[in-house]
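If you want the building blocks of each chain, they are given just below.
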Amino acid sequence: MSDCIFCKIIAGQIPSAKIYEDELVYAFLDISPINFGHTLVIPKEHHQSAATIPEATAGRMFHVASRIGILLKRLDEFDAYNLHLADGTAAGQVVMHAHLHVIPRGAEDEFRWNWRQLTYPEGKMAEIAADISAKLKEKLAN
Ligand code: 5GP
Ligand code: ZN
């Protein structure tokens, strides 16, 4: 995609601090990291949503990202990592080329997810699970 910043990075038209590249994926340092070493793993093919990425490429992204996460733990103070993917603007996606964040984490890094925990009203949990499960069966069959 000609106006996509990450496609331009893959093509070498915009510089990046490359970590890894193969025929399916490209990994490079995020320019504004949560912690130093914060990496983005992206499909070489342009996809806005993770949902359209072919299974082999999506699998490679996850495989490479988790290996990078393990290596990031060797940097300085880190002892864990988060994998994060925002799919859609309301979820926080800013760059519309799907990307998996690998974020090195340390117990003392003072970064906190703002992760709330709601409570399901009676019956709602089973209802939602049944609905999604039925629709997913259809989707995966096609
Ligand atoms: P999102 O919010 O879409 O999940 O994350 C987009 C990420 O891309 C942000 O963390 C941002 O810092 C990073 N980013 C945006 N533009 C560039 C760029 O030109 N180069 C690099 N290396 N990272 C970028
Ligand atoms: Zn792109």
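Check the entry above for the structure.
The structure contained in this document is the topic of the report that follows. All residue numbers here refer to positions counted from 1 along the written sequence of the relevant chain. To read the labels, note that chains go from A and ligands from 1, taken in the order they are written. Two thresholds apply to this predicted model, a pLDDT of at least 70 for residue-level local features and 80 or more for giving and counting side-chain atom pairs, whereas whole-chain, interface and lining totals are computed over all residues. Each side-chain value is worked out from all heavy atoms of the structure, with water and hydrogens disregarded.

### Digging into the packing of aromatic side chains
Any two rings among Phe, Tyr and Trp, with Trp reduced to its six-membered ring, count as a pair given centres within 6.5 Å; such a pair is stacked if its planes are under 30 degrees apart, edge-to-face if over 60, and tilted if neither. Tallying each qualifying case throughout the model produces three aromatic pairs. Pairing Phe6 with Phe28 gives two aromatic rings, centres 5.3 Å apart and planes at 80°, and the pair type is edge-to-face. With Phe6 in helix α1 (residues 5-10) and Phe28 in strand β2 (residues 25-29), this residue pair connects regions lying 22 residues apart in the sequence. Given the relative accessible area of 3%, Phe28 is considered buried. Ring centres of Tyr26 and Phe28 lie 5.8 Å apart, and the angle between their planes is 50°; on these two criteria the pair is classed as tilted. The same class applies to Tyr26 as to Phe28, namely buried. Secondary structure elements are taken from DSSP: a helix is a run of H or I of four residues or more, a strand is a run of E of two residues or more, and numbering for both begins at the N terminus. Using a 1.4 Å probe on the protein chains alone, a residue whose accessible area is under 20% of its type maximum counts as buried, one over 50% counts as exposed, and one in between counts as partly exposed.

### Examining the site of ligand 1
Here a residue is near a molecule or strand as soon as one of its heavy atoms is found within 4 Å of it. Surveying the vicinity of ligand 1 reveals 16 residues, the closest of which are Leu29, Asp30, Val94, His99 and His101. Side-chain atoms alone can form a polar contact between residues adjacent in sequence; in general such a contact is a pair of N or O atoms within 3.5 Å, and within protein one must be able to donate a hydrogen while the other accepts it. In this structure, Leu29 approaches ligand 1 through a main-chain N or O atom, which is 2.9 Å from a nitrogen atom. Taking Val95, its main chain carries an N or O atom lying 3.0 Å from an oxygen atom of ligand 1. For the accessible areas, the method is Shrake-Rupley and the probe is 1.4 Å, while residue cover comes only from the protein chains on display. Out of a free accessible area of 520 Å², ligand 1 has 81% covered by protein chains. Of all elements in the fold, only α1 and β2 reach the threshold of two or more residues within the shell around ligand 1. Here the shell around ligand 1 gets three residues from one element, more than from any other, and that element is α1. Of the residues assigned to the shell around ligand 1, the class counts are ten nonpolar, five polar and one charged. Amino acids outside the nonpolar list (Ala, Val, Leu, Ile, Met, Phe, Trp, Tyr, Cys, Pro) and the charged list (Asp, Glu, Lys, Arg) are all regarded as polar, and Gly is one of them.

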